[in-house]
Amino acid sequence: MTDNLTPAARLKQHFSFRVINQVRQVIDLWRQLPAQHWSAERMMDFTLAVEKLVRFSQRFEAARHEKLARQLLSTLAHIAVGHSPDSAQLESLNQTIIALSKTALRHTDDKAAETLIPEKKPVYIALSNTDHALTMAEQMQYFGLRPELQRTAHDFSQALERRHPAAVVLDLDFAGPGQGLELAQSLQQSRENPLPVLFTYRETPPTLEQRLATLRNGGLGIYEEMDVQSVIGHLENLLDSTPDVPFKILIIDDSRAQATHTANVLNKAGMVTQVANDPLLVLDVLSGFTPDLILMDMYMPGCNGMELAKVIRQQREYINLPIIYLSGEEDRERQLAAMAEGGDDFLTKPVDPGHLLTTLRNRVSRARQLQNLIACDSLTGLLNHTHLLGALQDAMRKNEDVPISFVMVDIDHFKQVNDRYGHPAGDLVIRNLSLFLRQSLRKSDPIGRYGGEEFAIILIDATAQQARQIMDDIRLNFANLIHDGQSLRVTFSCGIAEWSGQSISELVATSDQALYRAKHNGRNQVQTAEQGE
Ligand SMILES: Nc1nc2c(ncn2[C@@H]2O[C@H](COP(=O)(O)OP(=O)(O)OP(=O)(O)O)[C@@H](O)[C@H]2O)c(=O)[nH]1
């Protein structure tokens, strides 16, 4: 694709990658700030990186990046030297950083472009079985990863000296029985942050002792060597650089001083807070703020914490919202009674900040995992039907100024896949397609499993024509994937409709008609909606 560009266009493209690289730098520094307690020095590094981003985007005419970088600078200007941002500032900075991370290229925007980005670190593959290693490397490439094969322990050590990989896939028995583990041990020894390692085994599943040993040597998972798809899925999660959405905590406490103190502790850890001093206003605050967790005092005027927890729990949408009491109440019986009334935990004031933060992080992470399980399809991890339509509604509400395309994808002759290769092979194809779509699209493009072998995608900021190009690229690449490591290749058909103000059901029906045309015209193709559809 890049080969067809004029020299001027190529130069422009080259410079646009410098902007993207600077974006990555900014995001990286941002993510480190809470752990570095927002030190003046690190805040200065961050500010300088943002200023550099402004300069680069001005020079290379990247207006969107320039606007976002300027937004960051204007918020930063209000934070006094040596201070951490307050909740409003944190939220504003977080939102802008997330918007920035979404400006990164789609994998399909230009394949050659991706390889120009030097930050993209390799994944080292060290397997004893060379054929398996080659298959794994080939499949990884289709998923946009950069595999590098290491054939001997010596090659592996030398490669590590040359460049740190993003992650390592290591056979437990690489270079001899049990040698993979020893290699992992030596490579982690002098390292402050352990290198992420995914271990693989052949045939005999590892014993508990082996599993423990992998864990102690930076192992994040163990997979059967032929289960390439799970390895790639794990790597994809591991290397996803989209910043996490910050935790949102609602603090309910009639004491302003106590609430401010707690908010400060949480803000320093990068959590966004809202304080409600009047418990009777909590329901309004809840619907506006949508917290991940409530931290609540027990005794307040008007109503007490237990009553309030009961009222909150009466509403379906808050049944799973974690509620933690933070109170001076030391009587164990009363604490237990409070928890029986809908609270999840009880912390006694004064609480150690480390204890408070760890409790909140655990609770919120678990609640989010649960929420994900509810919203996502179990086979693919993509949004389920209901939540995809919810995402479409959201996208329509939030993105009135940009084009939105709704894409439906249906695997071709899938019944034959099941019939010839068996149902598990069919499941594997479905999982591969979902992983492939995730890898190929922006993190901001919601993807869902719409039905059995049918997927739907919301492409934000893409006209039907752009969507067609993106999906056609994916279609061509996907057709190259060999799903069972031998001969199983599959294609898909795709229908696209651009939103022009119609209702959700009309938009879905229109793209469905385009999909029907793609099937009818011979499958393995992308069709956009025609006028009158
Ligand atoms: N393995 C597997 N198969 C599924 C799943 N969900 C649906 N299917 C199968 O997908 C097949 C869909 O077949 P059809 O709707 O006839 O379409 P097709 O064979 O893909 O043919 P075209 O769509 O016309 O190209 C059915 O055989 C379903 O049993 C699933 O989760 N796993």
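Each chain has its residues counted from 1, following the order in which its sequence is written. Totals for whole chains, interfaces and linings use every residue, but because this is a predicted model, local features are given only for residues with pLDDT of at least 70 and side-chain atom pairs only at 80 or more, for both listing and counting. To get the side-chain values, take all heavy atoms of the structure and skip hydrogens and water.

Draft legend 1. Just the site of the ligand, in detail. One heavy atom within 4 Å of a molecule or strand makes the whole residue count as near it. The environment of the ligand is formed by 16 residues, the closest being Phe-414, Asp-427, Arg-449, Lys-519 and Arg-523. Here a polar contact means two N or O atoms within 3.5 Å. Within protein one must be a hydrogen donor candidate and the other an acceptor candidate, and residues neighboring in sequence count only if both atoms are side-chain atoms. Between the ligand and Asn-418, the relevant distance is 2.8 Å, taken from a nitrogen atom to a side-chain nitrogen or oxygen of the residue. Glu-453 places a side-chain nitrogen or oxygen 3.3 Å from an oxygen atom of the ligand. Coverage of the ligand by the protein chains reaches 66% of its 660 Å² of free accessible surface. Of all the elements in the fold, those that place two or more residues in the shell around the ligand are strand E11 (404-411), helix H17 (414-421) and helix H18 (423-440). Sorting elements by how many residues they give to the shell around the ligand places H18 first, with 4 residues. Only the protein chains shown count as cover for residues, and the accessible areas themselves come from Shrake-Rupley with a 1.4 Å probe. Secondary structure follows DSSP: runs of H or I at least 4 residues long count as helices, runs of E at least 2 residues long count as strands, and numbering of each begins at the N terminus.

Draft legend 2. Just the UniProt feature "modified residue: 4-aspartylphosphate" (unreviewed entry) in the protein chain, in detail. Using the residue numbers shown here, the UniProt feature "modified residue: 4-aspartylphosphate" (unreviewed entry) corresponds to Asp-297. By secondary structure assignment, the location of Asp-297 is in the loop between strand E8 (293-296) and helix H13 (305-313). When checking whether two residues touch, look at their non-hydrogen atoms; a contact exists if any pair is within 4.5 Å. Sequence-distant contacts of Asp-297, that is, excluding residues within four places in its chain, are made with Ile-252, Asp-253, Asp-254, Gly-305, Tyr-325, Leu-326, Ser-327 and Lys-349. UniProt positions are given in the numbering used here, feature names are shortened, and annotations may be inferred rather than shown by experiment.

Draft legend 3. Structural view of the nonpolar core. Ranked by size, the top nonpolar core spans 49 residues in total, and within it Met-140, Leu-235, Val-409, Leu-437, Ile-457 and Met-471 carry the most contacts. Per-element accounting of this core gives the leading share, 7 residues, to H18. Apart from the residues lying within four places of it in its own chain, the contact partners of Leu-235 are Val-123, Met-140, Leu-145, Ala-167, Val-169 and Leu-198. Residues Ala-69, Val-285, Leu-286 and Ala-309 belong to the second largest nonpolar core, which totals 48 residues. Note on terminology: a nonpolar core comprises buried Ala, Val, Leu, Ile, Met, Phe, Trp, Tyr and Cys residues joined through side-chain atoms within 4.5 Å. Under the scheme applied here, a residue whose accessible area is under 20% of the maximum for its type counts as buried, over 50% as exposed, and between as partly exposed, the area being computed with a 1.4 Å probe on protein chains only.

Draft legend 4. Spatial organisation of the pairing of strand E10 (residues 345-348). The sheet contact formed by strand E9 (residues 323-327) and E10 spans 4 bridges and is parallel. The residue of E10 that forms the bridge with Tyr-325 is Phe-346. Every crossover in which the path from the first strand over the helix to the second runs clockwise, viewed with the strands pointing away from the viewer, is termed right-handed. Since E9 and E10 lie parallel, the crossover through helix H14 (residues 332-340) that links them has a hand, and here it is right-handed. Any two strands with at least two DSSP-identified bridges between them are counted as paired.

Draft legend 5. Expanded view of a positive patch on the surface. A grouping of Arg-18, Lys-52, Arg-55 and Arg-59 is seen on the molecular surface, where their side chains present a positively charged patch. Broken down by element, the positive patch gets its largest block of residues, 3 residues, from helix H2 (residues 40-59). Grouping into patches uses exposed residues only, defined as over 30% relative accessible area, and leaves out salt-bridged ones; the cut-off is 9 Å for like charges and 5 Å for nonpolar side chains (Val, Leu, Ile, Met, Phe, Trp, Tyr). Should a side-chain nitrogen of Lys or Arg be within 4 Å of a carboxyl oxygen of Asp or Glu, the pair is scored as a salt bridge. Here Asp and Glu are counted as negative and Lys and Arg as positive; His is not counted, and neither are the chain ends. Charge placement uses NZ in Lys and CZ in Arg. For Asp and Glu, CG and CD serve respectively.

Draft legend 6. Representation of empty space enclosed by the protein within the structure. In this analysis, the protein atoms alone were mapped onto a 1 Å grid. Cavities are point sets where a 1.4 Å probe fits without being able to get out; pockets are open sets with protein on both sides within 12 Å along at least five of seven lines; lining residues have an atom within 4 Å of a point. Grid points are joined across faces, edges and corners, and a volume is the space filled by probe spheres set on the points. Scanning the model with the defined rule gives 1 cavity of 30 Å³ or more in all. When its volume is computed, the largest cavity comes out at roughly 40 Å³. Lining of the largest cavity is provided by Ile-251, Ile-252, Asp-253, Gln-258, Ala-259, Thr-262, Leu-295, Met-296, Asp-297 and Leu-326. Of all elements in the fold, only strand E6 (248-252), helix H11 (256-268) and E8 reach the threshold of two or more residues within the lining of the largest cavity. If one sorts the elements of the lining of the largest cavity by residue count, H11 sits on top with 3 residues. Considered class by class, the residues forming the lining of the largest cavity number 6 nonpolar, 2 polar and 2 charged. Each residue is assigned to one class: nonpolar for Ala, Val, Leu, Ile, Met, Phe, Trp, Tyr, Cys and Pro, charged for Asp, Glu, Lys and Arg, and polar for all the others, Gly among them.

Draft legend 7. Structural detail: the pattern of salt bridges. All chains considered together, the criterion is met by 23 salt bridges. A salt bridge links Arg-70 to Glu-66; the shortest N-O distance between them is 3.1 Å. Residue Arg-70 and its partner Glu-66 are both found in helix H3 (residues 63-76); the two are separated by 4 residues, about one turn of the helix. Judged by relative accessible area, Arg-70 falls into the partly exposed class, the value being 39%. You can call Glu-66 buried: its relative accessible area is 19%. Ionic pairing is found between Arg-202 and Asp-171, a salt bridge with its closest N-O pair at 3.1 Å. Here the residue Arg-202 occupies a position in the loop between strand E4 (197-201) and helix H9 (208-216), and Asp-171 occupies one in strand E3 (residues 167-171), the gap between them amounting to 31 residues. The network of salt bridges with shared partners includes Glu-41, Arg-42 and Asp-45.

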